[in-house]
Amino acid sequence: MLSSSHWGIFRPIVRDGRLVAAEPFAADPDPSQLLQSIPSAIHHKSRVLRPAVRKSWLESGPGAHPERRGSDRYVEVDWDQALDLVAGELKRVVTGFGNQAIYGGSYGWASAGRFHHAKSQVRRFLNVLGGFTDSVDTYSNAAGTVIARRILGTIQAIDGPGTSWSSIAANAGLVVMFGGMPLRNTQITVGGLGEHTSRDGLEKAKAAGVAFVNVCPIRDDAAAFLDAEWLAPRPGSDTAIMLGLIHTLISEGLHDREFLASHATGFERFADYVMGVTDGVPKTAQWASGLSELPAEAICALARRMAATRTFLVVNWSLQRSEHGEQPFWAAIALAAALGQLGLPGGGLGFGYGSLEGLGGQRRAAPRPTFPTLRNPVEAFIPVARIADMLLSPGAPFQYDGRDLAYPDIRLVYWCGGNPFHHHQDLNRLIAAWRRPEAVIVHETWWTATARHADVVLPASSPLERDDIGASSLDRFMVAMRKAIEPLGEARSDFAIFGGLAERLGLGAAFHEGRGEGEWLRLMYQGARERAAQADMQWPDFDAFWDQGFVEIPAAEKPYVLFEAFRKDPALHRLGTPSGHIEIVSEAIAGFAYEDCLGHPTWMAPREWLGSPLAARFPLHLLTTQPATRLHGQMDMGTVSQASKVAGREPMRINPADAAARGVGDGDIVRVFNDRGAILAGAVLTDSIRPGVIQIATGAWYDPETPGEIGSLDKHGNPNVLTPDRGTSKLAQGPSAQNTLVEVARFEGAVPRVSAFDPPIDS
Ligand SMILES: Nc1nc2c(c(=O)[nH]1)N[C@H]1C(S)=C(S)[C@@H](COP(=O)(O)OP(=O)(O)OC[C@H]3O[C@@H](n4cnc5c(=O)[nH]c(N)nc54)[C@H](O)[C@@H]3O)O[C@H]1N2
Ligand SMILES: Nc1nc2c(c(=O)[nH]1)N[C@H]1C(S)=C(S)[C@@H](COP(=O)(O)OP(=O)(O)OC[C@H]3O[C@@H](n4cnc5c(=O)[nH]c(N)nc54)[C@H](O)[C@@H]3O)O[C@H]1N2
Ligand SMILES: [Mo]
């Protein structure tokens, strides 16, 4: 019997009704350490066991004391009372303000199963109710996705399939990694996975003689066995480096004029910008050196080396999670076009090979079971990371990808399967915004910070407490996730919760169509199986699949090469752009006349980076990277994450020189602060990080010293207390978490106890 998670398929070992171990799937060559955390997390004291209502709200009704969200205690109620309350609230808001007043964007990763996919469940429910204000794009890759759609006409370079590692190993001489290739991130893929292949892909490329260059503020983001050359730029300077590389290529006649003429549009005009014809500033290697602090000779040498050999560029998603985050992706596309190797085996580029598992895997496209979410009649939406702007400024205008829009007036926020108090930037600003709606309803499995800022919290069962099907488009295995234990406390699946609400609202049949969990799983599997048969894949029937535990989709016979067909015949295989070519100049974007996203890749200094005046007061650049020991905030209470804490706080990696200048020693508790807030963290000294930069992973549960208070010290180390809440630009409006300057000091006070995992319930 199997189950699955975003970090791997596993075999649950159950004793006396308790999960005692999660054994790695036998076919996985490189299973994730995160599996070890599952048993401790499933039975952790921080589970939400019963429906709970915020005290002031229960006593005084909807909207009462919104400033107590975060500090109020909770009262447990029975399911009937909880569902009556939520159904009544939904009715009140829809009747009084219309469906647009419900924000159901509900961003978040939830769990791996395709039926109990929380976000699909909440969407279907709210659509049946008449619709809701939704969100578009992701925190992962908003700027990258929007720019790639416009420049390449597809997001395949971001979402895969990308050029296979096997093609790179066989054909490339050089891999240049902007943002490294951190294997910690490839533990994960959305929807779960049976096979971790990134380490093997890298090892084979190395064994085949491929050389690696790591352009990254953090050395060990490239595995030691790669023996990569380390170039350690200032964070946020990649666009300048790429322009400097292109300048060198043009100056030395190393750019591929033929490819640029036949497959790209606008290179001449862009070249005028690069050479300084249009603005008097030639983007030389020397110029790029001034911004990035990489030696100019290293930039020139890298450009020559790239042009002289088959080169693959890996650009991680992290680079676009910053102000003007569209630019490094656009500049990377221009650089790859100038090198002229897109569509050749082992050449070109791929985004996110070090962001997720599976982008360079060798697989066949196969159908996946999906749960139908139906149509949303409400047209209002926001770019996902603009949530605080929306709540704080109803009616205010904003721009997005060529459209002029306005923020809707939200009265009710519904969250199911995500954690904005983990994922959003500038949490103190979010706390202020979160006081605006009259009701906040959250389904959660654990008492996360988001649950602690809700009015009604409904306990969602964990994946081990229900039947499901696990599948990901980036993996070859589809898995029968069979219920292993009974739900803890009174937890119910999101499907059951929405079913109960729909019944109360007279919408039961429209929501569940008379089917229970088992019938939905059968229907979803059969739909995918029929589509598979049309593609000549024979899958067992549902009962055989359920018995067998998984379906394995054979690997593709030959390596995949991104843009191969387009390269061979750009007229027949036009890109989905207006020109059909790679748009190094985009007339459409130029036409929007955004001052923060021009018609071609452009260097624009961010407001907050080591090159800005603010660095005089806050001289350290904070990178908030993905955590090696958990998935975002998930499993922070688990054994693997807990073992990584330093003095009970989230580790902060700092260069020994920066630490010495502040009298900070290894293992010290430090206060990390800027004008937006302050957190405690535990110092880890390492020369793997360049001076001037510190690293704190996301995901430590927000734990304010004074709950509910704006500006309270976070005792635990959630770096989103410190990050800025700004859109990348008017084009994508993505999150720009990486532009954060801070200062660090030894913490001298009495050390407060971490209380993030204590349920806020009076017994
Ligand atoms: N500073 C900074 N911030 C970042 C990032 C960064 O790089 N820097 N990265 C961003 C990125 S890329 C992302 S994707 C986001 C991630 O942000 P989120 O996806 O919001 O983070 P998770 O912790 O995965 O939250 C998922 C929640 O769903 C709950 N859950 C799991 N299964 C179920 C279920 O079946 N039902 C219900 N109702 N709930 C369930 C989990 O308990 C968990 O609390 O964070 C973003 N935030
Ligand atoms: N273990 C684990 N893996 C995960 C996740 C997790 O929570 N845990 N989350 C998953 C999710 S949702 C996503 S979207 C992906 C995100 O994947 P990414 O966004 O790619 O991940 P990060 O760890 O933020 O960044 C990767 C590396 O980029 C480098 N970097 C940061 N800023 C700069 C810069 O300005 N210039 C250069 N050259 N390098 C820079 C940092 O050294 C960092 O370690 O990760 C996924 N993988
Ligand atoms: Mo993400």
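Please refer to the structure higher up on the page.
I will try to describe carefully the structure that is included in this document.

The rules behind these values
- Residues numbered from 1 in each chain as written.
- Chains lettered and ligands numbered in written order.
- Predicted model: local features only at pLDDT ≥ 70, side-chain atom pairs only at ≥ 80, totals over all residues.
- Heavy atoms only, no water.
- Axes fitted to C-alpha atoms, helices over the stretch in contact; angles between N-to-C directions.
- Helix = DSSP H or I, 4+ residues; strand = E, 2+ residues; numbered from the N terminus.
- Parallel < 35°, antiparallel > 145°, perpendicular 65-115°, else oblique.
- Left-handed = near helix turned anticlockwise from the far one by under 90°.
- Contact = heavy atoms within 4.5 Å.
- Nonpolar A, V, L, I, M, F, W, Y, C, P; charged D, E, K, R; others polar.
- Pairing = 2+ DSSP bridges.
- Salt bridge = Lys/Arg side-chain N within 4 Å of Asp/Glu carboxyl O.
- Buried < 20%, exposed > 50% of the residue type's maximum accessible area, 1.4 Å probe, protein only.
- 1 Å grid on protein atoms, 1.4 Å probe; cavity = no way out; pocket = protein on both sides within 12 Å on 5 of 7 lines; lining within 4 Å.
- Points joined across faces, edges and corners; volume = space filled by probe spheres on them.
- Domains from an automatic or database assignment.

### Observations regarding the packing of helix α12 (residues 285-292) against helix α13 (residues 296-308)
Item 1. Axis separation between α12 and α13 bottoms out at 8 Å; the angle between their running directions is 125 degrees. Here α13 runs oblique to α12, going by the angle between their axes. For α12 against α13, the interelement crossing comes out right-handed. Between α12 and α13, the contacting residues are Ala285, Gln286, Ala288, Ser289 and Ser292 on the first element and Ala296, Ile299 and Cys300 on the second.
Item 2. Looking at the contact of α12 with α13, its residues break down into five nonpolar, three polar and no charged.

### Overview of the sheet that holds strand β28 (residues 693-695)
Item 1. Strands sit in the order β24-β28-β25-β27-β26-β29 around a closed barrel of six strands; the barrel is mixed. Along the sheet, successive strands turn relative to each other by an average axial angle of 45 degrees, direction set aside.
Item 2. As paired elements, strand β26 (residues 669-674) and strand β27 (residues 677-685) share six bridges and run antiparallel to each other. By the bridge assignment for β27, Val670 is matched with Ala681.

### Here we look at the pattern of salt bridges
Item 1. One pass over the structure, following the stated rule, counts 52 salt bridges.
Item 2. The partner of Asp80 in a salt bridge is Arg504, with the nearest N and O atoms 2.8 Å apart. Here Asp80 is found in helix α3 (residues 79-97), whereas its partner Arg504 is found in helix α18 (residues 494-504), with 424 residues between them in sequence.
Item 3. Note on Arg504: relative accessible area 29%, which makes it partly exposed.
Item 4. Put simply, Arg184 and Asp221 hold a salt bridge, and the shortest N to O gap is 2.9 Å. Remark: Asp221 occurs in the loop between β9 (211-215) and β10 (229-231) and Arg184 occurs in the loop between β8 (174-178) and α8 (198-207); sequence separation between them is 37 residues. Taken individually, Arg184 and Asp221 each receive the classification buried, so the pair is uniform in this respect.
Item 5. Within the structure, one salt-bridge network assembled from shared partners comprises Glu89, Arg92, Asp409, Arg411 and Glu438.

### Observations concerning empty space enclosed by the protein
Item 1. Here the structure, examined in full by the defined rule, presents two cavities of 30 Å³ or more.
Item 2. Every residue lining the second largest cavity is listed: Asn419, Phe421, His422, Ala449, Ala700, Trp701, Tyr702 and Asn718.
Item 3. Residue composition of the lining of the second largest cavity, by class: five nonpolar, three polar and no charged.
Item 4. Each of two domains, domain 1 (46-137 + 376-552) and domain 3 (613-746), supplies a minimum of three residues to the lining of the second largest cavity.

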